[in-house]
Amino acid sequence: MAPGTRDRVLRAADELAYVPSPAAAGLATGRTSTVGVLSSFSSRWFLTAALEGVESVLRSAGYDLLLHNIGDPAARDWFFSMSPMRRRVDAVLAFATGLTGPERNVLRKLDVPVVYVNGLRGLLPHVGIDDEAGAASAARHLLLLGHVHIAMISGNADDIVGTISPRRAGFESALATAGASTDLVVVDSWGVRGGIRATEQLLTHSTLPTAIFTESDEMAFGAMQALRRVGIRVPEDVSIIGFDDHEFAAAFDLTTIAQPVREQGAVAADLLLDIVAGAADRSTETVLPTRLVVRGSTRRVGPAASLEHGVDENLDTAPELGRPVAPSAGNP
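Bear in mind the structure is a predicted one, so any value in this text is a computation, not a measurement. (Residues numbered from 1 in each chain as written. Predicted model: local features only at pLDDT ≥ 70, side-chain atom pairs only at ≥ 80, totals over all residues. Heavy atoms only, no water.)

1. Quick notes on unusual backbone geometry
Here Leu 124 and Pro 125 are connected by a cis peptide whose omega angle stands at -5°. Among the secondary structure elements, Pro 125 is positioned in the loop between β4 (114-117) and β5 (126-129). The omega torsion across Val 234 and Pro 235 is 10°, close enough to zero to call that bond cis. For Pro 235, the location among the structural elements is in the loop between α9 (217-229) and β9 (239-244). Phi at Arg 87 takes a positive value of approximately 60°, unusual for a residue other than glycine. One can find Arg 87 in the loop between α4 (73-82) and β3 (91-95). Backbone geometry at Asp 244 places phi at a positive 135°, although glycine is not the residue there. (Helix = DSSP H or I, 4+ residues; strand = E, 2+ residues; numbered from the N terminus.)

Next up, the structure:
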């Protein structure tokens with residue numbers, strides 16, 4: 001194109017506020033400049049923080065995001081039956097959601113790189129944390145504080161998250177190594193309401209633990225709420241430790257195992273771009289460290305104290321910490 005013609009075209013484009021069509025560019029290059037993100041929106045705090053890291057990397061590389069929620073059965077069925085990402089993305093980031101064999105096959109048929117993030121263990125390439133080691137740190141923290149009667153609130157296996165079994169395994173392994181164990185594991189849904197229900201179930205036992213480990217901070221929030229309702233103090237009566245370092249964990253003064261959420265997103269996005277560019281293979285496993293964050297919800301265990309003060313009048317009796325009490329109608 002002659003210089004004069006080129007100048008006139010550029011002036012006309014500027015006057016008309018012309019923007020090149022990504023679709024047209026994609027026809028020419030075979031690229032869409034879009035990365036698909038697959039996640040359950042049930043863990044919105046995690047997804048929001050992780051996407052900050054993803055977006056910071058992809059934006060500088062000129063990529064857009066196409067976000068799909070598979071957090072409910074209808075959305076999940078639609079996504080894996082319709083495969084709406086086909087020919088619309090150059091790569092996929094799959095966040096913290098369990099995938100069946102047929103679902104993984106759908107992603108493979110997209111014929112684009114896929115990087116699995118956080119809970120999707122055993123699938124490569126993968127970026128995440130060592131859930132077992134983090135949960136083991138939680139167990140050791142409680143043991144060092146002198147707790148021996150420790151309960152655990154675990155996520156429901158039907159909630160497809162992918163981090164439940166490793167955290168439970170790590171916690172129980174650390175207790176076993178120290179010569180302790182817990183057979184007091186209560187399972188409920190992953191979230192605040194699940195934490196409330198699980199703690200209410202613990203309150204029906206004849207012995208109340210001196211410490212509780214929850215597999216997520218949101219479950220810990222629910223546990224703290226349920227205990228407060230019946231006059232049981234945290235940490236004076238029961239210590240609680242969570243997992244994640246949720247954005248509200250500091251506000252609840254919750255001791256927790258922190259995972260680097262934003263960094264996981266950024267590292268996963270960098271890895272994905274490297275694979276797209278042919279600079280990394282698809283067998284990469286990146287494990288980021290967790291760390292214990294001690295706040296005010298745990299403390300050294302003291303002598304068991306009666307919890308008659310402040311107990312909800314609907315409860316026949318309140319269990320003493322770490323001690324059995326005589327069964328009653330509401331306390332089997």
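We are not done yet, so read on.
2. A few points about helix α6 (residues 131-144)
If you check α6, its first and last C-alpha atoms are 20 Å apart, about what 14 residues at 1.5 Å a residue would give, namely 20 Å. By the burial criterion, the buried members of α6 are Asp 131, Gly 134, Ala 135, Ala 136, Ala 138, Ala 139, His 141 and Leu 142. The N-cap residue of α6 is Asp 130: its side-chain oxygen and the backbone nitrogen of Glu 132 are 3.3 Å apart. Count one or two residues on from α6 and you reach Gly 146, which has phi positive near 95°. (Expected span 1.5 Å × (residues − 1). Buried < 20%, exposed > 50% of the residue type's maximum accessible area, 1.4 Å probe, protein only. Polar contact = N/O pair within 3.5 Å; in protein donor to acceptor, adjacent residues only side chain to side chain.)

3. Things to note about the nonpolar core
One broad trend across soluble globular proteins is that nonpolar side chains are buried collectively. Ranked by internal contacts, the top residues of the largest apolar core, which has 27 residues, are Val 54, Leu 58, Leu 93, Phe 95 and Val 115. Broken down by secondary-structure element, the contributors of at least two residues to this core are β1 (34-39), α3 (44-60), β3, β4 and α10 (261-276). Setting aside anything within four residues of it in sequence, one finds Phe 95 in contact with Val 37, Leu 38, Ser 39, Ser 40, Phe 46, Leu 47, Ala 50, Val 54 and Val 117. Formed by 22 residues, the second largest nonpolar core is a distinct cluster that contains Ile 153, Trp 190, Ala 223 and Val 238. (Core = buried A, V, L, I, M, F, W, Y, C linked by side-chain atoms within 4.5 Å. Contact = heavy atoms within 4.5 Å.)

4. What to know about the sheet that holds strand β12 (residues 291-293)
Here we have six strands laid out as an open sheet, ordered β7-β6-β8-β9-β10-β12, and mixed in their pairing. Lying at the two open borders of the sheet, with one neighbouring strand each, are β7 (185-188) and β12. Neighbouring strand axes in the sheet, compared pairwise and without regard to direction, differ in orientation by 20° on average. Sheet analysis places β9 next to strand β10 (residues 255-258), joined by four bridges and oriented parallel. Across the sheet, residue Phe 243 finds its bridge partner in β10, namely Ile 257. The strands touched by helix α8 (residues 192-202) within the sheet are β6 (150-155), β7 and β8 (211-214), with β7 carrying the most contacts at an inclination of about 145°. Its contacts with the sheet place α9 against β6, β7, β8, β9 and β10, and it is angled at close to 155° to β9. (Pairing = 2+ DSSP bridges. Axes fitted to C-alpha atoms, helices over the stretch in contact; angles between N-to-C directions.)

5. Focus on the packing of aromatic side chains
Applying the stated criterion to the full structure yields four aromatic pairs. Ring geometry for Phe 171 versus Phe 213: centroids 4.6 Å apart, planes at 20°, classification stacked. Taken together, the residues Phe 171 in helix α7 (residues 164-177) and Phe 213 in strand β8 connect sequence positions 42 residues apart. The pair Phe 171 / Phe 213 is uniform in exposure class, with both members buried. Here Arg 167 stacks its cationic end above the ring of Phe 243, 3.8 Å away from the centre of that ring. (Phe/Tyr/Trp six-rings, centres within 6.5 Å; stacked < 30°, edge-to-face > 60°. Lys NZ or Arg CZ within 6 Å of the ring centre and 35° of its normal.)

6. Quick look at the sheet that holds β5
Taken together, the six strands give an open sheet; going across it, the order is β2-β1-β3-β4-β5-β11, and neighbouring strands pair in parallel fashion. Taken across any chain shown, the strands that pair with only one partner, and hence form the sheet edges, are β2 (64-69) and β11 (285-288). Neighbour-to-neighbour, the strand axes of this sheet turn through a mean angle of 20°, independent of strand direction. Those strands touched by α10 are β1, β3, β4, β5 and β11, and its axis lies near 165° from that of β4.

7. Digging into the packing of α8 against α9
The geometry of α8 relative to α9 is characterised by a closest axis approach of 6 Å and an angle of 45° between their N-to-C directions. Regarding the angle of α8 to α9, the classification is oblique. Helix-helix and strand crossings are classified by hand; for α8 and α9 the assignment is right-handed. Between α8 and α9, the residues in contact are Val 192, Gly 194, Gly 195, Ile 196, Thr 199 and Glu 200 and Glu 218, Met 219, Phe 221, Gly 222, Ala 223, Gln 225, Ala 226, Leu 227 and Arg 229, respectively. (Parallel < 35°, antiparallel > 145°, perpendicular 65-115°, else oblique. Left-handed = near helix turned anticlockwise from the far one by under 90°.)

8. Focus on the environment of Met 219
One can find Met 219 in helix α9. On the basis of relative accessible area, Met 219 is assigned to the buried category, the value being 0%. With 64 residues separating them along the chain, Met 219 and Gly 155 place their C-alpha atoms 8.6 Å apart. Ignoring any residue separated from it by four or fewer positions in sequence, one finds Met 219 in contact with Ile 153, Ser 154, Gly 155, Asp 188, Ser 189, Trp 190, Gly 191, Val 192, Gly 194, Gly 195 and Thr 214.

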